[in-house]
Amino acid sequence: MRIILNFIGIALVLAMCWLISWDRKNIPWKTVARAFLAEFVIALIIVKIPLGRQLVTILSNGLTAVINCGNEGLTFVFGDLFDRSKMSVFIVQSLGNIIFVSALVGVLYYLGVIGFIVKWIGKGVGKLMGTTEVESFVAVANMFLGHTDSPILVSKYLKDLTESEIFVILVSGMGSMSASILGGYHALGIPMEYLLIASAMVPIGSIMVSKIIYPQTEQAKSITDVKMDNKGNNSNAIDALAEGASTGMQMVISIGASIVGFVGIVALINLFLGFANISLSQIFSYVFAPFGFLMGLDKSQILMEGSLLGNKLILNEFIAFGELAGRLGDLDPRTGMVCAISLCGFANLSSMGMCVGGIGVLCPEKRGTISRLVFKSMIGGVFVSIMSALLVSIVSF
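Residues numbered from 1 in each chain as written. Predicted model: local features only at pLDDT ≥ 70, side-chain atom pairs only at ≥ 80, totals over all residues. Heavy atoms only, no water.

**A few points about the overall build of the protein chain**
At step 1: In terms of regular secondary structure, the protein chain is built from 20 helices and zero strands.
At step 2: Looking at the 397 residues of the protein chain, the share that counts as buried comes to 54%.
At step 3: The long-range share in the protein chain, meaning contacts at least 24 apart out of those at least 6 apart in sequence, stands at 79%.
At step 4: When the accessible surface of the protein chain is summed, it comes to about 16,900 Å², and 68% of that surface belongs to carbon and sulfur atoms. (Helix = DSSP H or I, 4+ residues; strand = E, 2+ residues; numbered from the N terminus. Buried < 20%, exposed > 50% of the residue type's maximum accessible area, 1.4 Å probe, protein only. Contact = heavy atoms within 4.5 Å. Areas by Shrake-Rupley, 256 points an atom, 1.4 Å probe, with all protein chains shown as cover.)

Written out as structure tokens, the structure is:
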């Protein structure tokens, strides 16, 4: 019965994508079917097949060990503030390692390691899906970089992209997580395996959703042998490390400030809703409950998932992950994994402004186009995560 509900959920997500599509007559259903099959196979390999699960575990343990190296720097700078046994300081203990990972990503980016991986995986994705190199590369890059960072790799080509290609870039950014931010989610208590599974499904899922909502009808400019910008403005690896650390610090401050603001606003809204004996979380839980039902969750968990999805979309994923982390101990592994994957990605209201501002700077002539596409791209990003969760739910039985 749960698998049937999952397939109904997938059909509903595809139907909702069709409903908001700009050009329903030209949706490339063969490409969509190919993407769905590919994403299903990916989910099956990394969730169900022992060798795939072992690979995810190895990558998870390795990435966790690397991220934990940042603890040395945090302990040196903050001392007891980083010691959870002595006190609780969220911005240091949960967000601090973002600085280290951002610095590491900056160095790997400068040295061309990320670009090399993106290029070859991107070529494979492009051939499988029939998408252009630029949109394929950015869709893959979003497995490692942020939604405003990955377009930098191909910034000199942005002005020549069609609106459909730009939409793929926006949706893949909204549905993804940067490597720099994974440490923050993990520090909240979300297992790294869940985060890596979600990341692996982003490129194909983003293209599938994007091509339904905005099919490619314009003639795409032929761009072969795309050369990615790895160096940026950095003069050497040390400069890249310093800039990455600085960017990480800005991210920490920005995330911390957003959480302070959003949590405070929620408390204010709940103050007024309290007169009616309801809360914002209760409203979210009922509005988004159908998705929890279609994920095959138990009755007691459907409203919880609805509340988590609402908090992620309206507020941000950190607030939703923080709430989920406190409940993981009471959930079975499958339920915890499905719920975590459904929350992955930057798709929330505040990310829309970041996309318009961040990507618009790279290509000012496309700012108007990005502004027009960004709302549906956010909805698309939500669908990418929910689709991944539904597929994982199917293969995890």
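Having put the structure on the table, let's press on.
**Looking at the packing of aromatic side chains**
By convention here, two paired aromatic rings are described through the distance between centres and the angle between planes.
At step 1: Counted according to the given criterion, the structure contains seven aromatic pairs.
At step 2: On the basis of an interplanar angle of 55° and a centroid distance of 5.0 Å, the ring pair of Tyr185 and Phe318 is categorised as tilted. Pair noted here: Tyr185 is in helix α10 (residues 179-188) and Phe318 is in helix α17 (residues 317-325), with a separation of 133 residues, a long-range link.
At step 3: Look at Phe318 and you get buried, because its relative accessible area is 5%.
At step 4: Among the aromatic side chains, those forming a connected cluster through ring pairs are Trp22, Phe167 and Tyr214.
At step 5: Directly above the aromatic system of Trp18 lies the positively charged group of Arg24, at a separation of 4.7 Å from the ring centroid. (Phe/Tyr/Trp six-rings, centres within 6.5 Å; stacked < 30°, edge-to-face > 60°. Lys NZ or Arg CZ within 6 Å of the ring centre and 35° of its normal.)

**A look at the nonpolar core**
At step 1: Judged by nonpolar contacts, the single largest core of 114 residues is most densely connected at Tyr185, Leu195, Ile197, Phe321 and Leu324.
At step 2: Top element by residues in this core is helix α20 (residues 367-395). It accounts for 15 residues. (Core = buried A, V, L, I, M, F, W, Y, C linked by side-chain atoms within 4.5 Å.)

**Remarks on unusual backbone geometry**
At step 1: The backbone of Asn277 shows a phi angle near 60°, a positive value even though the residue is not glycine.
At step 2: Topologically, Asn277 is positioned in the loop between α13 (237-273) and α14 (280-287).
At step 3: Note on Asn277: relative accessible area 69%, which makes it exposed.

**A look at the side chain of Ser393**
At step 1: Considering the arrangement of structural elements, one finds Ser393 in helix α20.
At step 2: Residue class for Ser393 comes out buried when judged on its relative accessible area of 0%.
At step 3: In this structure the side chain of Ser393 is engaged in a polar contact, spanning 2.5 Å, whose partner is the side chain of Arg334.
At step 4: Here Ser393 is in contact with Asn6, Met295, Arg334 and Val338, once residues within four sequence places are set aside. (Polar contact = N/O pair within 3.5 Å; in protein donor to acceptor, adjacent residues only side chain to side chain.)

**A few points about empty space enclosed by the protein**
At step 1: Within this structure, the stated rule accounts for one cavity of 30 Å³ or more.
At step 2: Along its surface, the largest cavity is lined by Leu158, Ile166, Ile169, Ile359, Lys366 and Ile370.
At step 3: Among the residues forming the lining of the largest cavity, the class breakdown is five nonpolar, no polar and one charged. (1 Å grid on protein atoms, 1.4 Å probe; cavity = no way out; pocket = protein on both sides within 12 Å on 5 of 7 lines; lining within 4 Å. Points joined across faces, edges and corners; volume = space filled by probe spheres on them. Nonpolar A, V, L, I, M, F, W, Y, C, P; charged D, E, K, R; others polar.)

**Structural notes on the packing of helix α18 (residues 333-343) against α20**
At step 1: At a closest axis distance of 7 Å, the pairing of α18 and α20 adopts a crossing angle of 160°. By the angle between their directions, the pair α18 and α20 is classed as roughly antiparallel. In the packing of α18 onto α20, the handedness of the crossing is right-handed. In this structure, α18 uses Arg334, Met337, Val338, Ile341 and Ser342 to contact α20, whose residues at the interface are Ser385, Ser388, Ala389, Val392 and Ser393.
At step 2: Split by residue class, the contact of α18 with α20 holds five nonpolar, four polar and one charged. (Axes fitted to C-alpha atoms, helices over the stretch in contact; angles between N-to-C directions. Parallel < 35°, antiparallel > 145°, perpendicular 65-115°, else oblique. Left-handed = near helix turned anticlockwise from the far one by under 90°.)

**Quick notes on the layout of surface pockets**
Over the atoms rolls a probe the size of a water molecule, and its path tells where empty space is left.
At step 1: Taken as a whole, the second largest pocket encloses approximately 910 Å³ of empty space.
At step 2: Forming the boundary of the second largest pocket are 30 residues, of which Leu59, Met143, Phe144, Leu196 and Ser199 lie nearest the centre.
At step 3: Top element by residues in the lining of the second largest pocket is helix α3 (residues 50-68). It accounts for eight residues.
At step 4: Looking at the lining of the second largest pocket residue by residue, the classes come out as 27 nonpolar, three polar and no charged.

**Re the pattern of salt bridges**
At step 1: This model, assessed by the stated rule, comprises three salt bridges.
At step 2: The partner of Asp298 in a salt bridge is Arg2, with the nearest N and O atoms 2.5 Å apart. Remark: Arg2 occurs in helix α1 (residues 2-19) and Asp298 occurs in the loop between α15 (289-294) and α16 (299-315); sequence separation between them is 296 residues.
At step 3: Note that Arg327 and Glu323 form a salt bridge whose closest N and O atoms lie 3.3 Å from each other.
At step 4: Of the residues examined, Arg327 reaches a relative accessible area of 32% and is grouped as partly exposed. (Salt bridge = Lys/Arg side-chain N within 4 Å of Asp/Glu carboxyl O.)

**Comments concerning the environment of Thr64**
At step 1: In this structure, Thr64 sits in helix α3.
At step 2: A relative accessible area of 16% means that Thr64 is categorised as buried.
At step 3: In sequence terms Thr64 and Pro191 are 127 residues apart; their C-alpha atoms lie 9.7 Å from each other.
At step 4: Beyond its immediate sequence surroundings of up to four residues, Thr64 is in contact with His186 and Met192.
At step 5: Here the side chain of Thr64 touches Ser60 through a polar contact of 2.7 Å, landing on its backbone oxygen.

**Details of α17**
Since there are 3.6 residues in each turn of an α-helix, residues three or four apart along the chain are aligned in direction.
At step 1: Most of α17 is tucked away: seven of the nine residues are buried.
At step 2: The complete set of buried residues in α17 reads Glu317, Phe318, Ile319, Ala320, Phe321, Leu324 and Ala325.

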